[in-house]
Every structure is written in structure tokens, then in C-alpha cells.
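# Architecture and fold: a report
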Amino acid sequence: MNFSKFKIVLWSLGVLMVIFLGFFLYQMTQSQNINSVMTVLMLILGLILGGIIAFLASKKMTADPAVITESSHTIAESMRKVFKVVSAEGHFNEIYNYEETTKIFNFIPSKKKALVIVQAKVLVGYDFEKFRWEIDEQNRKVKLLNFPAPEILSTETDYKYYNIEEQFFNLFSKDDLAKIQQNGKQQVIEAAKKSHLPEVAAEQMRTLLTELLAAKNFFLENASVISDSKNRIDYQSSLHQQSKK
């Protein structure tokens with residue numbers, strides 16, 4: 001039923017209520033022998049009252065939408081040139097269960113808990129600024145002297161809260177929610193650490209460097225160090241860098 005039909009039904013109900021009220025008042029006036037002038041006034045009053053009720057109800061249904069005012073101020077703190085290449089992308093769904101139990105007045109137990117689904121996209125790659133290599137122009141080959149471990153370049157997370165239970169004297173605060181999100185992100189990092197992302201990132205980088213050098217008629221002498229780098233990934237360092245951003 002659209003709004004116009006609903007409005008017609010609403011007005012009809014209002015009129016019927018007025019007629020019923022008028023008839024009821026008329027019966028009362030007849031039984032109490034009140035003069036006809038009072039009867040007419042009561043009928044008019046009932047009609048006015050019904051009209052006001054119907055008008056207010058229709059105005060409520062046609063209320064203007066809420067006015068939302070937004071403002072923002074962006075400040076660029078710093079910018080610098082980087083040469084970082086993403087070579088692997090992973091998507092994770094982490095189920096994080098948070099539960100905290102305290103005692104009110106050191107006697108009454110109070111518990112709050114929440115079930116959080118953490119959806120995350122993790123990007124793993126390499127920082128070319130950390131590369132060190134040696135070029136042999138005569139033999140057309142390149143030797144890697146220092147090849148860094150893959151890094152977590154970006155972690156994008158989205159949190160969905162389910163089954164939130166809290167008590168009046170033990171409510172979730174902003175610090176609690178921030179702690180839940182931080183711990184949920186930590187769990188995603190640990191999951192990425194145990195996944196095949198470092199291996200995929202290393203193999204992609206090995207393919208990339210090999211093809212780039214081959215295009216210039218160069219040969220990568222020790223490509224095996226790239227594959228070995230997957231075992232040296234420093235997730236704690238990467239997580240620390242993410243927290244600074």
C-alpha cells in the first residue's frame with residue numbers, strides 16, 4: 001500500500017471515529033436532557049478533535065528527512081618517495097571472540113563479551129630501497145648481495161560485531177572496542193604469517209627480477225636467495241610499521 005492510499009484510509013478512520021463520538025455524545029445528551037445547543041457544540045468539538053488527530057498523523061508520515069551536516073579537515077603530515085612492490089595479496093576472515101569478567105564491589109561477577117568477524121586484505125611485497133646487488137658488465141650477470149625479507153605493506157580490515165552481551169555496570173567502552181580491533185588485527189597478522197603469502201610473494205619477485213634482467217640480456221646469478229627470503233619475513237616489524245600509520 002502506497003502513502004496516498006494509506007492517507008485516505010487514515011482520514012476515513014478519523015471521520016468514522018468522529019461520527020461514532022458524535023453519536024455517543026448525542027445519546028448522552030438525550031439521556032441527561034441537555035439542550036440542543038450543547039449537543040451541536042459537542043459534535044463540532046468532536047469533529048475538530050478528529051481532524052486535528054488525522055492532520056497530526058498525516059504530518060508525521062510526511063515528516064522531512066533528517067538534515068545531516070558533515071565537515072572534515074585533512075592535514076598532510078609528510079610525504080616521501082618509496083619504491084615498494086606488492087607481489088602477493090591475501091584475504092582473511094578471522095572469528096575473534098572477546099570475553100571479560102569482572103567483579104562489582106569485589107563480590108558480584110559481571111561479564112561482557114562480543115563475537116567479532118574480522119575481514120582483512122593483506123598485501124605482501126618488497127622494499128626495493130633495501131636491495132643490494134653487484135653488476136658484472138663483462139659477463140652480463142647480476143649478483144644479489146643483500147635481499148630483504150618480504151614485508152606486510154598494507155593491512156585493510158573491516159569489523160562486524162555479533163552477539164554483543166554487556167551488563168549495566170559493565171559496558172563496552174571506546175578503549176574496549178579499540179582493544180578488540182587491535183587484537184583482531186593481530187590475529188590476522190598471525191594467520192598471514194602461517195599462510196603461503198610469503199612464499200607467493202617471493203616467487204613472484206623472483207619471476208619479476210628474472211624477466212626484467214632477461215629483457216636487458218642480463219642473468220640473475222643467485223636467484224635462490226629470493227626464494228629463501230620467505231623464511232625471514234619479519235611480521236612484528238611490519239606490524240609495528242602499520243601501527244605508526
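These notes cover the structure that comes with them. Since the structure is predicted, the reported quantities are computational estimates derived from the model, not experimental observations. Throughout, residues of each chain are indexed from 1 in the direction in which the sequence is written. Two thresholds apply to this predicted model, a pLDDT of at least 70 for residue-level local features and 80 or more for giving and counting side-chain atom pairs, whereas whole-chain, interface and lining totals are computed over all residues. Hydrogen atoms and water are omitted, and side-chain values are computed over all heavy atoms in the structure.

## Some remarks on the pairing of strand 3 (residues 132-136)
Put simply, the rule is: Paired strands, as defined in this entry, are two strands with at least two bridges between them according to DSSP. Secondary structure is summarised from DSSP: a helix means a run of H or I of at least four residues, a strand means a run of E of at least two, and numbering begins at the N terminus for each.
Looking at chain direction, strand 3 and strand 4 (residues 141-146) are connected through five bridges and run antiparallel. Bridging across to strand 4, Glu-134 finds its partner in Lys-143.

## Focus: the pattern of salt bridges
Using the following cut-off: A side-chain nitrogen of Lys or Arg and a carboxyl oxygen of Asp or Glu constitute a salt bridge if their distance falls within 4 Å. Each residue's exposure class comes from its accessible area (1.4 Å probe, protein chains only) as a fraction of the maximum for that residue type: buried when under 20%, exposed when over 50%, partly exposed otherwise.
Under the defined criterion, the tally for this structure stands at six salt bridges. The partner of Lys-111 in a salt bridge is Glu-99, and the shortest N-O contact between them spans 3.5 Å. Note that Lys-111 is positioned in strand 2 (residues 108-127) and Glu-99 in strand 1 (residues 84-104), a separation of 12 residues in sequence. Look at Lys-111 and you get partly exposed, because its relative accessible area is 39%.

## Details of the sheet that holds strand 1
Note the cut-off: What counts as an axis is a line fitted to C-alpha atoms, over the stretch in contact for a helix, and the angles between N-to-C directions run from 0 to 180 degrees.
Strand order in the open sheet formed by three strands is 1-2-5, with antiparallel pairing between adjacent strands. Every interior strand has two partners, whereas the edge strands, strand 1 and strand 5 (151-165), have only one. The sheet shows a mean angle of 15 degrees between the axes of neighbouring strands, direction not considered. Across 12 bridges, the pairing between strand 2 and strand 5 is antiparallel. Considered in strand 5, the bridge of Val-124 is made with Ile-152.

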